[in-house]
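Tertiary structure, described
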Amino acid sequence: MKLKYIAYSTLLAAMTFGTSSCEDFLSKEPDDRMTIDSPERISMLLVSGYTYANYALMGELSGDNFIDDRADANGGYNLGETERIDNEIFAWEPAVSSSQQDSPSSVWEGCYHAIAVANQALQIIEEFENEGRGDEVTAQKGEALLIRAYHHFLLANLFCQPYRGPEASASLQGIPYSVEPETELSPIYDRGNLADTYDKIEADLLAGLPLIDDASYSQPKYHFNTTAANAFAARFYLFKRDYENAEKYANAALGTEAAPGIQQLSDYWAQSFTTFADAPQYYYSVERRNNYLLIPTISNFWRRVGARYALNGDGAEATILSQGPTWNSSYTGYICHPCYLGGLYTWGGQDYGTWPGYWYEFFEFTDRVAGIGYPRMVRAEFTAEETLFTRAEARVYLGKIDEAVADLKAWDESRQNNTSTVVLPDLTRDAILAFYRDSDPGYGIVKELNIDKVCPSDRYSVTAENEPYLQCVLHFRRIHTVLDGTRWFDIKRYGLEITHVSANFGTDFLPWNDGRRAFELPSDVLSAGMEPTRRSELLDEVASWKIPVSALKSDK
């Protein structure tokens, strides 16, 4: 068999479209390379096949969880942003001021780094197959295909408009779907269309999923294990509005037992912690059954929020400080869920925001004497809870309301296992209808659902009967995933309309069909010739909506 060499520098340069990194690689000596000549070494290679970048800051600054504390409407405190790029993201402008950690540039490069690793592994696997040794690398092939599918899925949902079905998505920009290792200096890539991007993601997902073998991993929670792969499939089909498959794959991850019998939900809420660091250590532990896939990222998100941009105001009141269908101050005396574990940002006696107790930075020292290293934030990329919400949402559209309520009740009860001083009522159909339909909880918890405009379906729609249950799913998911950035995906696919109030530009409204819901590509990618995102266009094709997006914005 022909030996395959790989240099890590070429992987880090993958899909950044620049020349300097490639030139650096071409000048490297052979002793900087590793020989990939065995299944074990392919597995070692795939360890680096998960993005080191964190998209949480992008999602939270774009969405409705964060507010600008400096805005007059929010107190007008004399607070400065950590970086100028934070202002750009909050204003839904092209984020061009930085390419460092937590920027769109870092997320783009981090995802394509992972994809490049997967492609390199698949090329080596093909050589094994050509020599009749494919059965030796079946598990590695499955993981590589899942890695490639998922990171393209992330890129599509950040840098493209929301999926609109196979026909309408064919007229929307996609992202370059990379399936071969780079062999050229500064190659030119075509964005293609979003329908084609989704088709390729689906093909890799379905090809890779049955090949996954948990026994091939020393620690499955850091890889696409079988459960995480099924959870990804469930999320993918939820975004496509293929609810039968969303439920099918969620069942494969969760099991088909009645929801109240699920034992894999987090027991974090039943714990008492001695030190501040104990909570995140427990929450992100590989021992927790609810954690399906954990990805340690390089991120300074924990350091960048809590002053000017923070989980405060309506954003906090709709998430970790919110009231809900089974908990509210009228019968518990709490302004938030009674088992809430979290903290408060304060400075000079002033309250700037809140955060959940598990949200924390783990610092990885590379030199303890010099005090240098990498700020790490772990992403629980797939969990039992998020998959449970996926199944509940799918079941609502499938007309399985009782089953959906049972899923939601399982989550609600899992958070009540540290409420010995308070007995909360059961989550029932009537409780959901009373909170989300018959009364207005305020704080933007209930928003108009425009998913039928964003992604029309001949089979499914939001109705007066099912909307309260969908609102409950979105609310519970928003609470559980706060500060991980994924609320932005719900805002995009449901066409939730939000408003940002800023000290820089006043008030800005984001309609359901606003083109700014897609992030602009990194500036170095655009400089290399990639087609810019058409952010000035509105999503739908109705003539009466053909007005400039700028007309919808307040004067700056």
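Residues numbered from 1 in each chain as written. Predicted model: local features only at pLDDT ≥ 70, side-chain atom pairs only at ≥ 80, totals over all residues. Heavy atoms only, no water.

Focus: the overall build of the protein chain
Keep this limit in mind: Elements are defined by DSSP. Helices are runs of H or I of four residues or more, strands are runs of E of two residues or more, and each kind is numbered from the N terminus. In this scheme, a residue with accessible area under 20% of its type's maximum is buried, one over 50% is exposed, and one in between is partly exposed, where area comes from a 1.4 Å probe on protein chains only. The Shrake-Rupley method, run with a 1.4 Å probe, gives the accessible areas here. Residue values count only the displayed protein chains as cover.
Along the backbone of the protein chain there are 21 helices and 11 strands. Burial status across the protein chain gives 58% buried among its 556 residues. Accessible area for the protein chain stands at about 22000 Å²; split by element, carbon and sulfur atoms hold 48% of it.

What to know about the side chain of Asn466
Note the threshold: Two N or O atoms form a polar contact when they lie within 3.5 Å of each other; inside protein one atom must be a possible hydrogen donor and the other a possible acceptor, and for residues adjacent in sequence the pair counts only when both atoms belong to side chains. Throughout, a residue-residue contact means that at least one pair of heavy atoms, one from each residue, lies within 4.5 Å.
Mapping Asn466 onto the fold places it in the loop between helix H18 (451–454) and helix H19 (467–480). Engagement of the side chain of Asn466 in a polar contact is seen with the backbone nitrogen of Thr463, the distance being 2.8 Å. Beyond its immediate sequence surroundings of up to four residues, Asn466 is in contact with Val396 and Ser461.

Considerations on the packing of aromatic side chains
Our working rule: Each Phe, Tyr or Trp ring (for Trp, its six-membered ring) is paired with any other whose centre lies within 6.5 Å, and the angle between the two planes then decides the class: stacked below 30 degrees, edge-to-face above 60, tilted in between. Placement of a charge over a ring requires the Lys NZ or Arg CZ to be within 6 Å of the ring centre, with the centre-to-atom vector within 35 degrees of the ring normal.
Across all of its chains, the model carries 45 aromatic pairs by this definition. Ring centres 5.0 Å apart and planes at 80 degrees place the aromatic pair Tyr150 and Phe232 in the edge-to-face group. Highlighted residues: Tyr150 in helix H7 (residues 138–159) and Phe232 in helix H9 (residues 226–239), separated in sequence by 82 residues. Classification of Tyr150 by relative accessible area gives buried; the value is 1%. Residues Tyr198 and Phe236 carry aromatic rings whose centres are separated by 5.5 Å and whose planes lie at 25 degrees to one another, so their mutual orientation is stacked. Taken as a pair, Tyr198 in helix H8 (residues 194–208) and Phe236 in helix H9 lie far apart in primary sequence, 38 residues in all. Comparing Tyr198 with Phe236, the two get one shared label, buried. Taking NZ or CZ as reference, Arg288 lies 4.1 Å from the ring centre of Tyr282, over its face.

A look at the nonpolar core
Stated formally: Residues enter a nonpolar core if they are buried and are Ala, Val, Leu, Ile, Met, Phe, Trp, Tyr or Cys, with the set joined through side-chain atoms within 4.5 Å.
Core analysis: the biggest nonpolar cluster contains 157 residues, and Ile42, Phe159, Phe224, Phe232, Phe301, Leu408 and Phe476 have the highest contact counts within it. Broken down by element, this core gets its largest block of residues, 13 residues, from helix H6 (residues 104–130). Aside from chain neighbours lying at most four places away, what touches Phe159 is Met58, Pro104, Trp108, Ile175, Arg191, Ala518, Phe519, Glu520, Leu521, Pro522 and Thr533.

A short note on the sheet that holds strand E9 (residues 372–383)
Cut-off, in case you're wondering: Between any two strands, pairing holds if DSSP finds at least two bridges. To get an axis, fit a line to the C-alpha atoms, keeping to the stretch in contact for a helix; angles then go from 0 to 180 degrees between the N-to-C directions.
One open sheet holds the 3 strands; their spatial order is E4-E9-E8, and the pairing between them is antiparallel. If you trace the sheet from one side to the other, it starts and ends with strand E4 (291–298) and strand E8 (362–367), each paired once. Strand-to-strand twist in this sheet, taken as the mean axis angle between neighbours without regard to direction, amounts to 30 degrees.

A look at empty space enclosed by the protein
As a reminder, the rule being used: Of the two site types, the cavity is a set of points on a 1 Å grid over the protein atoms alone where a 1.4 Å probe fits but cannot get out, and the pocket is an open set with protein on both sides within 12 Å along at least five of seven lines, each lined by residues with an atom within 4 Å of a point. Grid points are joined across faces, edges and corners, and a volume is the space filled by probe spheres set on the points. Charged means Asp, Glu, Lys or Arg here, nonpolar means Ala, Val, Leu, Ile, Met, Phe, Trp, Tyr, Cys or Pro, and polar covers whatever is left, Gly included.
Following the criterion strictly, the structure yields 7 cavities of 30 Å³ or more and no others. Its boundaries defined by the atoms lining it, the largest cavity holds a volume of some 380 Å³. Every residue lining the largest cavity is counted, 29 residues in all, and those nearest its centre are Arg379, Ala380, Thr481, Asp484 and Thr486. For the lining of the largest cavity, the secondary-structure elements that each account for two or more residues are H9, E9, H19 and helix H20 (487–493). A per-element tally of the lining of the largest cavity places E9 first, with 6 residues. Each residue belonging to the lining of the largest cavity can be placed in one class, and the counts come to 14 nonpolar, 7 polar and 8 charged. Looking at the second largest cavity, its volume works out to about 110 Å³. Every residue lining the second largest cavity is counted, 13 residues in all, and those nearest its centre are Asn157, Pro162, Tyr163, Phe239 and Arg493. Every element with two or more residues in the lining of the second largest cavity is listed here: H9, H18 and H20. A total of 3 residues in the lining of the second largest cavity trace back to one element, the largest contributor, which is H20.

Focus: the pairing of strand E11 (residues 506–510)
Summarising the sheet, strand E10 (residues 498–502) and E11 pair through 5 bridges and their orientation is antiparallel. Across the sheet, Ser502 pairs through a bridge with Gly506, a residue of E11. From the end of E10 to the start of E11, which pair antiparallel, there are 3 residues.

Structural notes on the packing of helix H15 (residues 384–397) against H19
Rules: Orientation is classified from the angle alone, with under 35 degrees giving roughly parallel, over 145 giving roughly antiparallel, 65 to 115 giving roughly perpendicular, and any other angle giving oblique.
Relative orientation of the contacting elements H15 and H19 amounts to 170 degrees, with a least axis distance of 10 Å. Between H15 and H19, the angle falls in the class roughly antiparallel. Taken together, the residues of H19 that come into contact with H15 (itself represented by Glu385, Phe389, Thr390, Ala392, Glu393, Val396 and Tyr397) are Tyr469, Leu470, Val473, Phe476, Arg477 and His480. Grouping the constituent residues of the contact of H15 with H19 by class yields 8 nonpolar, 2 polar and 3 charged.

Here's the deal with unusual backbone geometry
A positive phi is found at Asp102, a non-glycine position, where the angle reads about 75 degrees. In this fold, Asp102 is placed in the loop between helix H5 (84–90) and H6. A residue is classified by how much of its surface remains accessible, and Asp102, at 2% relative accessible area, is buried. Even without a glycine there, the phi angle at Arg241 is positive, about 65 degrees.

Here we look at the pattern of salt bridges
The condition is simple: The rule for a salt bridge is simple: a side-chain nitrogen of Lys or Arg has to be within 4 Å of a carboxyl oxygen of Asp or Glu.
Applying the stated rule across the entire model yields 35 salt bridges. The salt bridge involving Asp68 is made with Arg308; its shortest N-O contact spans 3.0 Å. Note that Asp68 is positioned in strand E3 (residues 66–68) and Arg308 in the loop between helix H12 (301–304) and strand E5 (309–311), a separation of 240 residues in sequence. For the pair Asp68 and Arg308, one class covers both residues: buried. Between Asp514 and Arg516 there is a salt bridge, with the nearest N and O atoms lying 2.8 Å from each other. In this structure, Asp514 and Arg516 share a single accessibility class: buried. Connected via shared salt-bridge partners are Glu247, Arg391, Arg395, Lys400 and Asp407.

From the geometry alone we can't say anything about function, so treat these as descriptive.
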